[in-house]
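Listed below, chain by chain, are the residues.
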Amino acid sequence: MILHRRLPFDIHDARPLPGVQPLGDAPWLLVDEAYAGQMAERARLLAERRAEVLQLSQAGKAAAAELLQTVLAALPEGFSTAGDTVRRPDGGSLRIDPDDPLGTLGHLVQEDLCLLEKQGEEHILTGAVLCFPASWRLAEKFMRPLTDIHAPVPDYDAGIARRVQRLFDGLQVGRPIWRFNRLWYDDPTLHQPRSRGAPRPLSDPGQAPFLRSERQCLLRLPVTRAVVFSIHTYVLAQADVPGGSGH
């Protein structure tokens, strides 16, 4: 099991959907106690199940290239770069491959990274490296609009969908925003894809042994204008959750 012992935010400070707030001076990308374990699992998934965890359309290639450079410029403390090689906080080294930007990022940071680009009236998922899905499948969301991506999410109604689309339209370069969720699971496995036709049975917060929480950030890339949706996944045993399973 790859577990955290702590969270960098208060899970009881929930906001109404979509629940976003400015990221401000807080770092976008984080390195934490689970870095080595999560990166080993990401490497396994990218080696064994790459087509399930990484998709990039022709339309998304420019944004993926820009995202790679954006991440390299924003790497937090613990990384060092020499030429085309990055040394990671766990001591591993990685060669930057500009021909495989999302694959490179999948081996570099804990965050899953999704690219959404405006086509017509909606933002479309044009590329992603998604190793740790919380009960959804990349193949079912790839090249789909926001409304389809959020279709199985409880409480995500048409009104919230319009608010989220306005949020994406209004997102400004240099002013990222973030939110978090809290999901109670019986299984701590990080890679949990599920088809929209077979949704996960909801676990009882009072009984489920694990909390799964995602720190989700949204930021605008300045050149391609793509929106980056990053997901940093935390899984804690209930005993380590501050305040337990309080609602």
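Here goes a summary of the coordinates provided. (Residues numbered from 1 in each chain as written. Predicted model: local features only at pLDDT ≥ 70, side-chain atom pairs only at ≥ 80, totals over all residues. Heavy atoms only, no water.)

**Examining unusual backbone geometry**
So, step 1. With phi around 65 degrees, M143 is a residue other than glycine that occupies positive phi space.
So, step 2. Mapped onto the elements, M143 comes out in the loop between α5 (138-141) and α6 (146-149).
So, step 3. Look at M143 and you get partly exposed, because its relative accessible area is 34%.
So, step 4. Even without a glycine there, the phi angle at R225 is positive, about 70 degrees. (Helix = DSSP H or I, 4+ residues; strand = E, 2+ residues; numbered from the N terminus. Buried < 20%, exposed > 50% of the residue type's maximum accessible area, 1.4 Å probe, protein only.)

**A short note on the nonpolar core**
So, step 1. Core analysis: the largest hydrophobic core is formed by 50 residues, its most contacted members being W28, L67, V71, L108 and L113.
So, step 2. With six residues, the top contributor of residues to this core is helix α3 (residues 61-74).
So, step 3. Apart from the residues within four sequence positions on either side, L113 is in contact with W28, L67, V71, L105, G127, A128, V129, V228, F229 and S230. (Core = buried A, V, L, I, M, F, W, Y, C linked by side-chain atoms within 4.5 Å. Contact = heavy atoms within 4.5 Å.)

**A closer look at the side chain of H4**
So, step 1. Of note, H4 is situated in the segment before β1 (21-22).
So, step 2. For H4, a relative accessible area of 1% gives the class buried.
So, step 3. In terms of polar contacts, H4 uses its side chain to reach the side chain of D32, at 3.0 Å.
So, step 4. Dropping the residues within four chain positions of it, H4 is found in contact with D32, E33, A34, Q38, Q110, T233, Y234, V235, L236 and D240. (Polar contact = N/O pair within 3.5 Å; in protein donor to acceptor, adjacent residues only side chain to side chain.)

**Examining the environment of L75**
So, step 1. With respect to the element layout, L75 can be found in the loop between α3 and β3 (80-82).
So, step 2. By relative accessible area, which is 17% here, L75 ends up buried.
So, step 3. The spatial distance from the C-alpha of L75 to the C-alpha of W28 is 8.9 Å, given a sequence separation of 47 residues.
So, step 4. In contact with L75, not counting residues within four places along its chain, are V86, L108 and V109.

Geometry only, nothing functional implied.
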